[in-house]
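Examination of the molecular architecture
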Amino acid sequence: FADAPASVETERGGWAPPARDSASSALRNGWDAPAPAPARESSPVLNASSPGTRLKPGVPPPIDPDAIRITRGSPEILGPSPAGSNGVNFALHSSAAKSVDLCVYFDPDAPSTAPSLRIPLDNKENRTGDVWHVAVENIPRGHDGYVVRYGYLIAGDEPPRHKHDRWHPDRLLCDPYAPLVDGRRVFGDRSSSPRGEDSVWMGCFNFDATPFDWEGVKPPGLPPQDLVVYELTTRAFTADASSGLATGRRGSFLGIADKVQHLKDAGINAVELLPVFHFDEMEFQRCKNPRDHMLNTWGYSTMSFFAPMTPYASEGAGPEAAANEFKHMVKTLHANGIEVLLDVVYNHTGEGTDQMPNTFSFRGIDNKTYYMMEDSKHPYKNYTGCGNTFNCNHPVVQRLVLDSLRHWVAEYHVDGFRFDLTSAMTRGQDGEPLARPPVIREIAKDETLARTKLFAEPWDCGGLYQVGSFPNWDRWGEWNGKYRDVLRRFIKGDMGLKSELACRLCGSADMYHVNGRKPHHSLNFITAHDGFTLRDLVSYNDKHNDANGEQNRDGCNDNDSWNHGGEGESVDDAVKNLRWRQMKNFHLALMVSQGTPMVLMGDEYGHTRGGNNNTYGHDNHLNNFDWNALESVRGGYFRFHGGLCAFRVNHPLLGRAEFLNDGDVTWHEDNWDNVESRFLAFTLHDRGQGGGDLYIAFNAHEFYVDAALPPPPGGKSWHRVVDTNLPSPADFTPEGEPGCGARYNVAPRGSVMLVAK
């Protein structure tokens, strides 16, 4: 460690470049070896040359500057990684940088402009290929309650050597491989930013912290055909005061763990969390614009692919707590038989474009590597609707994606992933779709990911639609948008859909019964985070997105919805009752379909967003789970919804590992070609699986259908499990109500399920 002049700030508060020496010459800015302070006299002193010394939780250790050693380091592992027993190796990819300075912060109160160490990396000594690297020995590595922060200052040629380079030499950049991110601590609260630096985010680590105790809890390892998925937004699930949680615990990872009993009562066995990779929830408020009244509550603007969302820690406790509380949440869910899937966004980042940049990391490190670029007025290719497209099939970016996924499986024990706008990830570096996209193949073949469930959202905003044709290697499942569309249209009464409905109910074999694919590769859903909730689907003909600030132009216009006699909530009781019945029809259809069913958070009690079908930016009642509303229907619709989820999990005929054959199902239909027919009935046969035959019928007509029931198997009779026209609790009797006879009068806009007992 050699003395050298401190770096100086420019007049605009940025950074001036240091003299370019080798990495053995580090720059100190406002930092000296601390004198013993009363608060630290009683704590053990860290002697960096004596590893294993006990450290007091939350207390930064004194440092011997003369013991610090800076060496060449290794390019092998990107990001920070332990080096020996008392060092840290740093490695960063940048193909076009002219200079790279590593800034390290040992003092938790130091602002971003006052690093403890500023180390300029030598272009020859500290660079291997396009990877810049350095090792720093005999320094703190983070321990319980104390993280070491770091970042990079990067400059390139001025003017840029390549027109797609973007340099921000006076901005501290976050390492793409940062395991944790420090910054704003409380969701939407600028005052919670450490050191008053709301626009600064730093990578950080704590390699010497006590390992998390999983207490022997293992992932459930559920067979994929058994999953019932619950799409959940971390913040919105418990942010409302009706959750009954303490203020600082609402909207956190711990909040989900606290509500595990509700998830069990809801009959589901997997949660799919909307994005939890670190993002900037206040991105819409960076400048004056029509959306500057909103907060990003959905999280589809990833800033760091390895770090959990820091404000999702309870009580604003920071990045270390966010990581540990996420693990506690996973452990709690696993201990209760519930798997954890993550909705991940690798198709773009939250860094924006030249028109509205939000430079955080990739843009200022190696812009033309991380993003798809073109020669035009707007050079960022935009297949995502968010301004930029991550260059996933570039070898460097592909490696980052794979390393990130492995990190969440190995470190956080997650069970699977849903990939947002996955078709954008199938495009080559020129934007053209690839038949065998390398990143998709590598994810499918990776050993660490072998136990995980993989679901693609098989379309993007550039017109690529791959439902049923997504490159899959028999591993990838798909969000089945065709299932959603057909079910919505049939239940609301559209004609000419009976044959396609039958196909969708059987796992969409026309699309997925290929090679080694199975029914569970079709993820079936009626509603999801974007679009109408189930209640709004039956309450609104049109979207009502004025609160979003874009004059109702945003959001999908084609919703296949029907209000049943009046827009919104101001309708008579007859309309309201019909809406509840239709919601039950939708839910029954979803639960009896072969494939993987997914339900939306809040649909179990009938959550409404007032007809807004694009509520990504509303941190309020539009998104927040209303626990009081849940209680109001606990003995009614919630009983039906949750009970039917559990019935599906428990009945062997409703979650088949293989596609149905002619002996598994009988269609009670001789009128397939009648486009006006909106009645469909079928029987699933118990061929030794157990549970009993199931007779299921859907009537989308406005009149009763007197249906002849098929003879039940010898010695048995039909028992009613579901009749959506009946009031609770008669609408769902899981044990079966006897006395059905030889015929069943299926109500208009009604559906039934019978079991042979």
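What you see is a predicted model; the values in this text were computed from it and never measured. (Residues numbered from 1 in each chain as written. Predicted model: local features only at pLDDT ≥ 70, side-chain atom pairs only at ≥ 80, totals over all residues. Heavy atoms only, no water.)

**Some points on the overall build of the protein chain**
Put simply, the test is: Secondary structure elements are defined from DSSP: runs of H or I of at least 4 residues count as helices, runs of E of at least 2 residues count as strands, and each element is numbered from the N terminus. When a residue's accessible area, from a 1.4 Å probe over protein chains only, is under 20% of the maximum for its type it is buried; when over 50% it is exposed; and in between it is partly exposed. Only heavy atoms matter for contacts: two residues are in contact if any of them lie within 4.5 Å across the pair. For accessible areas, the Shrake-Rupley method is used with a probe of radius 1.4 Å. Any residue's cover is judged against the shown protein chains and nothing else. Neither His nor the chain termini are counted; the positive set is Lys and Arg, and the negative set is Asp and Glu. The atoms used to mark charge sites are NZ of Lys, CZ of Arg, CG of Asp and CD of Glu.
For the protein chain, the helix and strand inventory stands at 15 helices and 28 strands. Looking at the protein chain as a whole, 62% of its 757 residues qualify as buried. Of all intrachain contacts in the protein chain linking residues separated by at least 6 positions in sequence, the fraction that spans at least 24 positions is 72%. A total accessible area of about 27300 Å² is found for the protein chain, and carbon and sulfur atoms account for 48% of it. A gap of 1 Å separates the mean positions of the 75 positive and 98 negative side-chain charges of the protein chain.

**Notes on the sheet that holds strand E26 (residues 732–737)**
Test applied: Strands pair, by our definition, only if DSSP identifies at least two bridges between them. Fitted lines through C-alpha atoms give the axes, limited to the stretch in contact for helices. The angle between two N-to-C directions lies from 0 to 180 degrees.
Strand order in the open sheet formed by six strands is E21-E22-E23-E28-E25-E26, and the pairing between neighbours is antiparallel. Lying at the two open borders of the sheet, with one neighbouring strand each, are strand E21 (665–667) and E26. With direction set aside, neighbouring strand axes in the sheet form an average angle of 15°. With two bridges connecting them, strand E25 (residues 718–723) and E26 associate as antiparallel partners. Bridge assignment links Arg-720 to a residue of E26, and that residue is Glu-737. Helix-sheet contacts for helix H15 (residues 637–650) involve strand E23 (694–699), E25, E26 and strand E28 (750–756), and the interaxial angle to E26 is about 50°.

**Let's talk about the confidence of the model for the protein chain**
Our working definition: Each residue gets a pLDDT score, which is the predictor's confidence in that residue and runs from 0 to 100.
Residues at a pLDDT of 70 or more form 93% of the protein chain, whose mean pLDDT is 93. Throughout residues 1–14 the model reports pLDDT below 50, and contacts reaching past four residues in sequence, or to other chains, amount to 29 contacts. The model gives residues 19–52 a pLDDT under 50, and that stretch makes 72 contacts with residues more than four places away or in other chains.

**Description of helix H8 (residues 438–445)**
Our working rule: Think of the arc as the fan of directions from the helix axis to the C-beta atoms.
Residues Val-439, Ile-440, Ile-443 and Ala-444 constitute the buried set of H8. Relative to the axis of H8, the buried residues are bounded by an arc of 135° and lie together on one face. Packing partners of the buried residues in H8 comprise helix H7 (395–412), strand E16 (416–419), strand E17 (453–456) and strand E18 (476–479).

**What about the packing of helix H9 (residues 481–492) against helix H13 (residues 573–592)?**
Helix packing for two helices is described by the angle between their axes and how far apart those axes are. For the record, the criterion: Under this scheme an angle from 65 to 115 degrees is roughly perpendicular, one under 35 degrees roughly parallel, and one over 145 degrees roughly antiparallel; angles in between are oblique. Each crossing is labelled by how the near helix is turned from the far one, with a counterclockwise turn of less than a right angle marking it left-handed and a clockwise turn marking it right-handed. When residues are sorted by character, Ala, Val, Leu, Ile, Met, Phe, Trp, Tyr, Cys and Pro go into the nonpolar class, Asp, Glu, Lys and Arg into the charged class, and all the rest, Gly among them, into the polar class.
Relative to each other, H9 and H13 sit at 140°, their axes nearing to 11 Å. The pairing of H9 with H13 is recorded here as oblique in orientation. For the pair H9 and H13, the sense of crossing is right-handed. Each of Tyr-483, Leu-487, Arg-488, Ile-491 and Lys-492 in H9 lies in contact with H13, whose residues at this interface are Gln-582, Asn-585, Phe-586, Ala-589 and Leu-590. Considered class by class, the residues forming the contact of H9 with H13 number six nonpolar, two polar and two charged.

**A closer look at the environment of Lys-518**
Heads up, the rule is: Residues adjacent in sequence count toward polar contacts only when both atoms are side-chain atoms; beyond that, a polar contact is any pair of N or O atoms within 3.5 Å, and within protein one must be able to donate a hydrogen and the other to accept it.
In this fold, Lys-518 is placed in the loop between helix H11 (509–512) and strand E19 (522–525). For the pair Lys-518 and Phe-659, spaced 141 residues apart in sequence, the C-alpha to C-alpha distance is 6.7 Å. Once you skip the residues sitting within four places of it in the chain, Lys-518 turns out to touch Tyr-512, Ala-657, Glu-658 and Phe-659. A polar contact of 3.0 Å, which involves the side chain of Lys-518, links it to the side chain of Glu-658.

**Details of the pairing of strand E11 (residues 229–232)**
Neither face of E11 is exposed, since Val-229 and Glu-231 on one face and Tyr-230 and Leu-232 on the opposite face are all buried. The sheet contact formed by E11 and strand E12 (residues 270–273) spans four bridges and is parallel. Counted as the bridge partner of Glu-231 is Glu-272 from E12. Here E11 runs beside strand E20 (residues 596–600); their pairing, made up of three bridges, is parallel. Considered in E20, the bridge of Glu-231 is made with Leu-600.

**What about the environment of Pro-115?**
Mapped onto the elements of the fold, Pro-115 is located in the loop between strand E4 (99–105) and strand E5 (117–120). Taking relative accessible area as the criterion, Pro-115 reaches 0% and is therefore assigned buried. Spatially, the C-alpha atom of Pro-115 lies 8.2 Å from that of Tyr-150, the residues being 35 residues apart in sequence.

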